[in-house]
Amino acid sequence: MFKYLYVISTILSMILFFLCNYLTEPLVKKSELGVASGGNGNPGLFPWFILFPFFLIFLYGTFKYLTNFILKKNMKFILIVIFSSSLLSLIIVLFTNIEANKIREKIVEVSPSFTSVKQLSLLNTWSNSIFFNHYTFILVFLLVLLASSIYAAIKISTSLKET
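Residues numbered from 1 in each chain as written. Predicted model: local features only at pLDDT ≥ 70, side-chain atom pairs only at ≥ 80, totals over all residues. Heavy atoms only, no water.

### Thoughts on the overall build of the chain
Line of reasoning, step 1. Check the secondary structure of the chain and you find 5 helices and 2 strands.
Line of reasoning, step 2. The linear arrangement of helices and strands in the chain, starting from the amino end, is α-β-β-α-α-α-α.
Line of reasoning, step 3. Relative to the globule expectation of 15 Å for 163 residues, the C-alpha radius of gyration of the chain, 20 Å, shows a markedly less compact shape.
Line of reasoning, step 4. For the C-alpha atoms alone, the extent of the chain along its principal axes is close to 75 × 35 × 20 Å. (Helix = DSSP H or I, 4+ residues; strand = E, 2+ residues; numbered from the N terminus. Rg over C-alpha atoms; globule rule 2.2 N^0.38 Å.)

### Looking at the nonpolar core
Line of reasoning, step 1. Core analysis: the biggest nonpolar cluster contains 14 residues, and Ile70, Ile78, Ile82 and Leu145 have the highest contact counts within it.
Line of reasoning, step 2. Looking at this core, the elements with two or more residues in it are helix H2 (46-70), helix H3 (75-110) and helix H5 (134-162).
Line of reasoning, step 3. Residue contributions to this core peak at 8 residues, all from H5.
Line of reasoning, step 4. Residues within four places of leucine 145 in sequence aside, it is in contact with Leu66, Ile70, Val81 and Ser85. (Core = buried A, V, L, I, M, F, W, Y, C linked by side-chain atoms within 4.5 Å. Buried < 20%, exposed > 50% of the residue type's maximum accessible area, 1.4 Å probe, protein only. Contact = heavy atoms within 4.5 Å.)

### Description of the packing of aromatic side chains
Line of reasoning, step 1. This model, assessed by the stated rule, comprises 18 aromatic pairs.
Line of reasoning, step 2. With a centroid separation of 5.9 Å and 65° between ring planes, the pair formed by phenylalanine 17 and tryptophan 48 is classed as edge-to-face. With a gap of 31 residues between them, phenylalanine 17 in helix H1 (residues 2-22) and tryptophan 48 in helix H2 connect regions that are remote in the sequence.
Line of reasoning, step 3. Owing to a relative accessible area of 5%, phenylalanine 17 belongs among the buried residues under this scheme.
Line of reasoning, step 4. Pairing phenylalanine 17 with phenylalanine 132 gives two aromatic rings, centres 5.9 Å apart and planes at 65°, and the pair type is edge-to-face. Here phenylalanine 17, found in helix H1, pairs with phenylalanine 132, found in the loop between helix H4 (128-131) and H5; they are 115 residues apart in sequence, far enough to count as distant. Taken individually, phenylalanine 17 and phenylalanine 132 each receive the classification buried, so the pair is uniform in this respect.
Line of reasoning, step 5. Put simply, the rings of Phe2, Tyr6, Phe17, Trp48, Phe52, Phe55, Phe58, Tyr60, Tyr65, Phe132 and Phe137 touch in pairs and so form one group of aromatic residues.
Line of reasoning, step 6. Between lysine 73 and the ring centre of phenylalanine 77, over which it is positioned, the NZ or CZ distance is 5.6 Å. (Phe/Tyr/Trp six-rings, centres within 6.5 Å; stacked < 30°, edge-to-face > 60°. Lys NZ or Arg CZ within 6 Å of the ring centre and 35° of its normal.)

### Observations regarding the pattern of salt bridges
Line of reasoning, step 1. Under the counting rule described, the total for this entry stands at 1 salt bridge.
Line of reasoning, step 2. Taking the shortest distance from any N to any O, the salt bridge between lysine 102 and glutamate 99 comes out at 3.5 Å. Here lysine 102 and its partner glutamate 99 are both found in helix H3, 3 residues apart, which amounts to about one turn of the helix. (Salt bridge = Lys/Arg side-chain N within 4 Å of Asp/Glu carboxyl O.)

Here's what the structure looks like:
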């Protein structure tokens, strides 16, 4: 039964990231008003209110299934997975941060409302497409893989000490 709920939650989590990306406000300049922007907040974050429980089920199920898979492997494999997932996660985080800073600089150029990059947070209505895309979905998976690998390594090492 949980397998079906996990599959549904995985699909809905992918849809969640797609919707957040799709609902990113385009960065356009209007001649007399500055940046075209409404006062309704960040529409890209609205899907989180509805689909967040499914995202949590996806995280739990991924952790559970990956841990069960990794516990069947040897310690060398686990250490390779820890290193690989850490390295790939770091690469994605760095590129995402670089892209977010580029969009902040572009917003300051386009909008007369902002005079400094420091006035803008990294997560805003124009940066949803940077933080909610297939790369950050992969990042979530990699971080869960990292956590489950570390948990498995700790569990295996403590069971070896007890025997």
